[in-house]
Amino acid sequence: MNRNGPLALAFHALVVLFVTAPILVVCVVAFTSRGYLSLPTDGLSLRWFYAIGDRPEFLASFRTSLWLAALSSTIAVVLAVPAALAIGRLKFAGRGLLLSLFQSPLMIPHLVLGIALLRFFTEAGLGISGWTLVAGHLVVVFPFALRLILTTSVGLDQQIENAAVSLGASRWTKFRRITLPLILPGVVSGWILSFIQSFDEVTMSVFISTPHTTTLPVRLFLYIQDNIDPLVASVSAILIVLTVIVMVVLDRLFGMERLLVGPGRS
Amino acid sequence: MSAATTDTAIAAPKSAPRERFSATPYLLNLPALLVIGTLLLVPLIMTLILSLHSFGMYTGVTDDISFKNYAEIIQDSYFHEIFLRTFRISLLTTLLCALIGAPEAYILHRMRAPWRSIFLLVMLGPLLISVVARTLGWAMLLGSTGVINQTLTGLGILSAPVQFMYTETGVIIALAHVLMPFMVISVWAALQRLDPQVENAAISLGASPFTVVRRVILPQIMPGILSGSIIVFALAASAFATPAIIGGRRLKVAATLAYDEFLSTLNWPLGAAIAVLLLVGNIIIIVGCNRLVERRYAQVFQ
Amino acid sequence: MSFLKIERLTKRYDHITAVDGISLEIERGEFISLLGPSGCGKTTTLQMIAGFTDVTSGRIVLDGRDLAEVPPAKRGLGLVFQSYALFPHMTVAANVGFGLEMRKVNRADRDRRVAAALQLVGLSSMADRYPRRMSGGQQQRVALARALVIEPNLLLLDEPLSNLDAKLRDEMQGELRDIQERTGLTTILVTHDQSEAMALSDRIVVLNKGAIEQVGPPEAAYKTPSSHFVASFLGRTNTLEGNREGPSVSVKDQRWTVGEDGNSGPILVAVRPERISFGETGLKGIVRKRVFQGSQWFFEVESEAGPIVVLAPNDSRRLPGTGDTVCLAWQAEDMRVLPRDRAV
Ligand SMILES: Nc1ncnc2c1ncn2[C@@H]1O[C@H](COP(=O)(O)OP(=O)(O)O)[C@@H](O)[C@H]1O
Ligand SMILES: [Mg+2]
C-alpha cells in the first residue's frame, strides 16, 4: 500500500490527539493530589484511588454492572442462536420481517427505550428491579448477539451437518456435536460484544435503575450531575484501563475489525 | 451509547434444505420473538398511548385521549428552540465527523502493515470505553479551569479563559469525539470494497494524487460517508449522556428535555410525546436517508 | 428382486424439474455411475436417496424397504460429499469414528475399526491431524474412510474426485475401484467426467436434463450410443450428415452396408476419432491442424462432409502433415447411425 504524505501524517497526528486526549486526561487527572480537578503537576498521588474505598457504592455498582452484562448477554445469546440458525439458513415466509424486528433496537434511541420500559414495567405492575434492567439490556444487546452469530451461521456448510445425519446423528446430537462447535466463534464474539454494550449502557439504564441496582455508568453519570471531582476521574481511569485490556485481548482473539466492522473480504 | 455498526444485510439462503412448509424456522424464532416482541413493541405502544394522555399538577396522569401534548410542543417557542438546537448540534456534529473521519479512514487505509491495525484500534477502540468516561474527559479539557484553558492562558495566548462548558460548541466537540468511530467504520468498510488496482490505473493515466482522491476515490466512498453520516446524525440527535454532562441543565436538547419532563417535572405524558417525536424523527431520518442514498448510489452498492 | 429400486423418481422446484421420472434398478455389489453434465440432476437424485431432499413423487426401495419411511439418520448409507463435508473441529480419527459413536460401538471396537478404515485408505499416520491441514486427496480419503467404517449397505459418492488434480484423480480412481471390489459394496458414483465413469463402473447411467438417456455397461454406451447426446457426451465424436437407403448408408460419395434394414431418408452418422484411418480411398479432405499429444496425434481435417477430428496412434506409421490432402476411411461397424431428429 502507498505511503501517506507529510500533510496527511500531520492531519493523522492531530486526529489521534483529538481521539486520545480526553481519555488520557482522565487517566492523568486521576493521579492528582489536590482536592479539585487539576493536572498532577506536583507529583503523582494515589489519594483518589484510595478514596474509592470509602465509597462502597461504586464497588457495588461495578458488581451490578458485571452481573447485568453477563446475564443479559447470556440470555441474548441463548435466544439468538436458534433464531440465527433459522434466519441464516432457512427460507421461510416472514424471514425479512423477523430480521427487521430483531435489528430494530439499533434504530430506537435508548432514551425512548428507557421511557417505554419504565412505563411498561410500572403499568404491568412489575415494578422496577434488577430484572427490569436485565430485560432492558437484553433488548439493547440482542441485535449485536444476533448479527455476529448470523455471520457464522450463514457461512456454515449444510453438507457438514448432513454428513453427521447420514452417519446416524440425531437432531440434538447434530446440534451439540457439529453445529454449535462450528458457530462457536460467532457465539463467543457475539457474547463479548453484547457484554460490552450492556456494561457501557447508560441512557436507558438511568430510567430503569433503582437505588439498589444502579449500574456503574449510571452511578458515574448521576455523580457528575452534582459535581465533578477527581474521584470520578479515578473511577473512570480504572474503567478505561480495564476496557483497554479487554480491547487488546479481543483484538488478538478476534480482530477488532471483524467485531465492529463485520467480516471483510480478506 | 449503542454501537449501531453497519448493519449486515443477510442475503436469503440460495438453497433451503426443505422447501415444503415446515414449522421448524418458526419454532426456532419463537423464543426470541416472544421476548423481544414483548419487551419492544408493547412498551412502545404504551408510550404512544401515554403521550396522548394529559397531566395535571394535582390530578397526575389522566386517562383521556387527545393531541394536547403534541399541540403544546408545536405551539410553544420554548420547545421550538430546543428541537432546533438539537437539529443544529446534530448537523454540525455530523459535518465535523465527516470532515475528520473520512480523510482519517483514507489515511488509515493507506498505511502499512502494523500501523494500519494499530491505529484502526486507536480510532475504533474508544467505542468500547464508557461514554460517560469519555465525556468526562471533555469536561476536564473544556472547563474554565480545564486543561485547554489553563494551557492557553499559561502560554499567554488567551488573557481570560474561554467558556466551552454549557455551550453548543462544547457539546458538538464532545459528541463528534463520541460518534467519530461510526464514521470511520462506515468509510473504512467502503474503502475495503475498493479495487486497489483502480487507484493505480488512475495514476498510470497521469492523475495527480489529489485528482485520484477527488475523481476516483471520493465518488466510490461517498455512499460510505453518507451512510456514516446518517448513523452519526441519528445518534447525535438522540444522544443523552454527553449533552447532559457538557450542556448541563441550562443547554437542553430533545433527549435531556424528555428526561427532565419524566424524572424531574414528572409530566410523563409530555415526556412521552417528546420521546415519540424523537423516535419518529429518528426513523424517518434513518429509513428515508438510507432510501435516498441507496437510490442515488444504486450502481455502487449493487 | 434388485437391491435398490428407483421408480419414476421426480423432483420439482418452483420453476424447474430437476429430476424427471427416473427409474432404475441396481443389483447388490454393483458399481453404478450417474453421468451427465452439470445441472442435470445428479446431486438431487443422490440427495433424495440419502434423504436430504424431499421427493416430489416416485419411490425409492432399498433392500425391500421403502425409504420414505426411514429418516435420513437411520438409512445407514455411506455418503461422500463433493466438498467432503469433514467436521473441521474434529481430528481425522474423531471424524472417522463419529458414525460408530452414533451407533454406540464401544471404545475398544471403535478404535480398532477406525484404525482399520484408516489403514484401508492409507492414512494410518494421520489419525491425529485436523482436516484443514491436509491436502485435497487426503481429505477425500478421510471422507471415504468415514463413510466406509460404518459398513453401509450402499455407498453414495458425489463427484468425489472432481476437486483433485489429474494425477491424483487417476490414483484415487484405482483405489476406489480396489476398495469397492474388496468390500463388495453396492456403489453409486455421481460424476460429470465420462472417463472416470468408464474407468470405474459396471454400468453407466447417462442423465440429461433430469431424465435417463441411456443405461448400460461402459463399452456398450460408448460403442453404441442411443442418441447424439450420449455419443457426444461420452467422448469426442464426429457427427456427419448422411443418407440411408435400406441397408446402405452414404456420406457424400462414400457408401457402407450396415447390417440391419431401416427407413430411408436423411440420417446422422457418428464415428469416434480413433476409428478413422488415413487411406488410399475414402472421404477427401485437407489437414488443417496437427497436434502432438504424447501417445497419439490429433488431426483436424476439413472434409467434404464438414470438419472431422482424427486421432492416430503414435507408432512408426507415416502420418500426413498440415495442408496435405488425405482420404478418411472407417469400417461400417465403427459407425453409429442415428436418426436426424434426435440431434441435440
Ligand atoms: N434447492 C434448489 N432450489 C431450486 N433449484 C435447485 C435446487 N437445488 C438444485 N436445483 C436445480 O436443479 C437442477 C439440478 O441440480 P443438481 O442436482 O445439483 O445438478 P448436478 O448435481 O447434476 O450438477 C439444477 O438446474 C439446479 O439449478
Ligand atoms: Mg452436483
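Please refer to the structure higher up on the page.
Residues numbered from 1 in each chain as written. Chains lettered and ligands numbered in written order. Predicted model: local features only at pLDDT ≥ 70, side-chain atom pairs only at ≥ 80, totals over all residues. Heavy atoms only, no water.

Student: Even after reading the chapter, I still don't get the sheet that holds strand β2 (residues 17-26) of chain C, so can you show me in this structure?
Tutor: Two strands in a sheet stick together by hydrogen bonds in their backbones, pointing the same way (parallel) or opposite ways (antiparallel). Residue and element names in this part refer to chain C. Strand order in the open sheet formed by four strands is β2-β1-β4-β5, with antiparallel pairing between adjacent strands. Looking at strand neighbours, the two that pair on one side only are β2 and β5 (65-66), the edges of this open sheet. Against the sheet, helix α1 (residues 42-50) makes contact with β1 (4-12), β2 and β4 (57-62), and its axis sits at roughly 120° relative to β1, the strand it touches most. (Pairing = 2+ DSSP bridges. Helix = DSSP H or I, 4+ residues; strand = E, 2+ residues; numbered from the N terminus. Contact = heavy atoms within 4.5 Å. Axes fitted to C-alpha atoms, helices over the stretch in contact; angles between N-to-C directions.)

Student: How do you make sense of the interface of chain A and chain B when you look at a structure like this?
Tutor: Interface size is commonly expressed as the accessible surface area that is lost when the partners come together. Chain A puts 93 residues into the contact, and the matching count from chain B is 100 residues. The junction of chain A with chain B conceals about 9,100 Å² of combined surface from both sides, 75% of it contributed by carbon and sulfur atoms. On inspection of chain A and its partner chain B, the count reaches zero salt bridges. One can count seven residue pairs in polar contact (both at pLDDT 80 or more) joining chain A with chain B. Ranked by the residues each element gives to the side of chain A that touches chain B, the list is headed by helix α1 (residues 6-29) of chain A, at 14 residues. (Buried area = accessible area lost by both parts, 1.4 Å probe. Salt bridge = Lys/Arg side-chain N within 4 Å of Asp/Glu carboxyl O. Polar contact = N/O pair within 3.5 Å; in protein donor to acceptor, adjacent residues only side chain to side chain.)

Student: Looking at this model, I keep getting lost on the packing of aromatic side chains. Mind explaining?
Tutor: When we look at a pair of aromatic rings, we describe it by the centre distance and by the angle of the planes. Per the counting criterion, the structure on display carries 24 aromatic pairs over all chains. Here the aromatic rings of Trp-256 of chain C and Trp-330 of chain C are separated by 4.9 Å at their centres, their planes lie at 15°, and the arrangement is stacked. With Trp-256 of chain C in strand β13 (residues 254-257) and Trp-330 of chain C in the loop between β19 (325-329) and β20 (335-339), the pair connects residues that are 74 residues apart, well separated along the chain. The same class applies to Trp-256 of chain C as to Trp-330 of chain C, namely buried. In this structure an aromatic cluster arises from ring pairing among Phe-207 and Phe-221 of chain A together with Phe-240, Tyr-259, Phe-262 and Trp-268 of chain B. The cationic tip of Arg-146 of chain C hangs over the ring face of Phe-87 of chain C; the distance from NZ or CZ to the ring centre is 4.6 Å. (Phe/Tyr/Trp six-rings, centres within 6.5 Å; stacked < 30°, edge-to-face > 60°. Buried < 20%, exposed > 50% of the residue type's maximum accessible area, 1.4 Å probe, protein only. Lys NZ or Arg CZ within 6 Å of the ring centre and 35° of its normal.)

Student: Looking at this structure, I do not really get the site of ligand 1. What am I missing?
Tutor: Close to ligand 1 lie 11 residues; Gly-39, Gly-41, Lys-42, Thr-43 and Thr-44 of chain C are nearest. Taken together, the residues near ligand 1 originate from chains B and C. Within the side chain of Tyr-13 of chain C, an N or O atom sits 3.3 Å from a nitrogen atom of ligand 1. Measuring from an oxygen atom of ligand 1, one finds a side-chain N or O atom of Thr-43 of chain C at 2.6 Å. Coverage of ligand 1 by the protein chains reaches 67% of its 560 Å² of free accessible surface. (Near = heavy atom within 4 Å. Areas by Shrake-Rupley, 256 points an atom, 1.4 Å probe, with all protein chains shown as cover.)

Student: Help me understand the pattern of salt bridges in this model?
Tutor: For side chains of opposite charge, pairing can occur when their charged atoms come near one another. Residues and elements named next belong to chain B. Scanning all chains against the criterion turns up 23 salt bridges over all chains. For Arg-88, the salt bridge identified is with Glu-168, shortest N-O distance 2.7 Å. One end of the pair, Arg-88, is in helix α3 (residues 77-109); the other, Glu-168, is in helix α7 (residues 168-192), and 80 residues separate them in sequence. Several salt bridges share partner residues, and in doing so they unite Glu-81, Arg-85, Arg-88 and Glu-168 into one network.

Student: I would appreciate a short explanation of helix α8 (residues 196-204) of chain B in the present structure.
Tutor: For an α-helix, the turn length of 3.6 residues means that residues three or four places apart are oriented alike. Measuring from the backbone nitrogen of Gln-197 of chain B back to the side-chain oxygen at the start of α8 of chain B gives 3.0 Å, which picks out Asp-195 of chain B as the cap. Downstream of α8 of chain B by one or two residues, Gly-206 of chain B has phi in the positive range, about 95°.

Student: Which parts of the structure should I look at to understand the side chain of Thr-179 of chain A?
Tutor: Residues and elements named next belong to chain A. Position of Thr-179 relative to the elements: it lies in helix α8 (residues 171-200). Judged by its relative accessible area of 2%, Thr-179 falls in the buried class. A polar side-chain atom of Thr-179 sits 2.7 Å from a polar atom in the side chain of Glu-161. Ignoring any residue separated from it by four or fewer positions in sequence, one finds Thr-179 in contact with Leu-85, Leu-156, Glu-161 and Lys-174.

Student: Would you mind going over the nonpolar core with me for this structure?
Tutor: Soluble, globular proteins show a tendency: their nonpolar side chains are buried together. One finds Phe-102 and Phe-221 of chain A to be the most contacted residues of the largest nonpolar core, which totals 261 residues. It is α7 of chain B that contributes the most residues to this core, 17 residues altogether. Setting aside chain neighbours within four positions, we find Phe-221 of chain A in contact with Val-202 and Val-206 of chain A together with Val-132, Phe-240, Ala-241, Ala-244, Ile-245 and Tyr-259 of chain B. One finds Val-258, Val-269, Leu-319 and Leu-328 of chain C within the second-largest nonpolar core, a separate group that totals 23 residues. (Core = buried A, V, L, I, M, F, W, Y, C linked by side-chain atoms within 4.5 Å.)

Student: When you look at the packing of helix α5 (residues 110-123) of chain A against helix α6 (residues 130-154) of chain A in this model, what are you seeing that I'm missing?
Tutor: For any two helices packed against each other, the geometry comes down to the angle between their axes and how far apart the axes lie. Residues and elements named next belong to chain A. It is the contact of α5 with α6, at a shortest axis distance of 11 Å, that shows an interaxial angle of 140°. Compared by their axis directions, α5 and α6 come out oblique. Relative to α6, the crossing made by α5 is right-handed. Residues His-110, Leu-113, Leu-117 and Phe-121 of α5 lie in contact with α6, whose contacting residues are Thr-132, Ala-135, Gly-136, Val-139 and Val-140. Grouping the constituent residues of the contact of α5 with α6 by class yields six nonpolar, three polar and no charged. (Parallel < 35°, antiparallel > 145°, perpendicular 65-115°, else oblique. Left-handed = near helix turned anticlockwise from the far one by under 90°. Nonpolar A, V, L, I, M, F, W, Y, C, P; charged D, E, K, R; others polar.)

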